[in-house]
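# Analysis of the macromolecular model
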Amino acid sequence: MFCPNCKKNILLIMEYENIELDFCPDCLGVWLDAEELQWILESQFDERSIFTKTTVDETKKKCPRCQTYMQKVSLPQNDKIVYDICPENHGIWFDRGELENLIQNLPEFPGALSFLQWLKTIFHYQSGQEK
Ligand SMILES: [Zn+2]
Ligand SMILES: [Zn+2]
């Protein structure tokens, strides 16, 4: 699977609690297959239902699974950050830092805090360094 952002890099796999997450070693974007967000957050919900469609002037990316152009979506509670979601429901793409941002906006889910901690260790995110 190629990175939908850099296109030429192959996504690598990292493991979080037996969940295999695909990430790009170069741009540090993360791909979550369908249902992986539910496993991470330790709850069952309709992954697509937490997002709303948004219209932004941002380059469209292709789903790494089916190569269909993904839809731009955001959370109703924070529409500044835009995520890419496959219309065929293969999964969600997060540019660097966006996955962390998403989870921060969903603190009510049981798995949110421990995953955030793990993300910070893995990517060494530091606030203020994000562009
Ligand atoms: Zn990349
Ligand atoms: Zn797809």
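Refer to the structure above for everything that follows.
This is a predicted model, so every value here is computed, not measured.

### Thoughts on the sheet that holds strand β6 (residues 78-85)
With respect to topology, 7 strands assemble into an open sheet ordered β1-β2-β3-β7-β6-β5-β4, the strand pairing being antiparallel. The open sheet is flanked by β1 (12-16) and β4 (52-53), the only strands paired with a single partner. Relative to strand β3 (residues 30-33), strand β2 (residues 19-23) runs antiparallel, the two being bridged by 2 bridges. Residue pairing in the sheet places Phe-23 in a bridge with Val-30 of β3.

### Focus: the pairing of β2
Sheet topology places β1 next to β2; 5 bridges connect them, and they run antiparallel. Paired with Glu-15 across the bridge in β2 is Glu-20. In sequence, β1 turns back onto β2 through a hairpin of 2 residues, with Glu-17 there showing a positive phi of about 45°.

### Overview of the nonpolar core
The biggest cluster of nonpolar side chains holds 23 residues, and the ones touching the most others in it are Val-30, Leu-32, Ile-92, Phe-94 and Leu-99. Those residues within four positions of Leu-99 in sequence are excluded, and the remaining contacts are Val-30, Phe-94 and Leu-119.

### A few points about the environment of Ile-10
In this structure, Ile-10 sits in the segment before β1. Note on Ile-10: 13 C-beta atoms within 10 Å, which makes it partly exposed. Once the C-alpha coordinates of Ile-10 and Pro-25 are considered, the two residues, 15 residues apart in sequence, prove to be 8.4 Å apart. Dropping the residues within four chain positions of it, Ile-10 is found in contact with Met-1 and Phe-2.

### Here we look at unusual backbone geometry
Leaving glycine aside, a negative phi is the common case for residues, and trans is the common case for peptide bonds. A positive phi angle is found at Lys-7, which is not glycine, with a value near 70°. Inspection of the secondary structure puts Lys-7 in the segment before β1. Residue classification places Lys-7 among the exposed residues on the basis of 11 C-beta atoms within 10 Å. Its identity as a non-glycine residue notwithstanding, Glu-42 has a phi of 55°, on the positive side.

Thresholds applied
Residues numbered from 1 in each chain as written. Chains lettered and ligands numbered in written order. Predicted model: local features only at pLDDT ≥ 70, side-chain atom pairs only at ≥ 80, totals over all residues. Pairing = 2+ DSSP bridges. Helix = DSSP H or I, 4+ residues; strand = E, 2+ residues; numbered from the N terminus. Core = buried A, V, L, I, M, F, W, Y, C linked by C-beta atoms within 7 Å. Buried ≥ 20, exposed ≤ 12 C-beta atoms within 10 Å, placed from the backbone. Contact = placed C-beta atoms within 7 Å.

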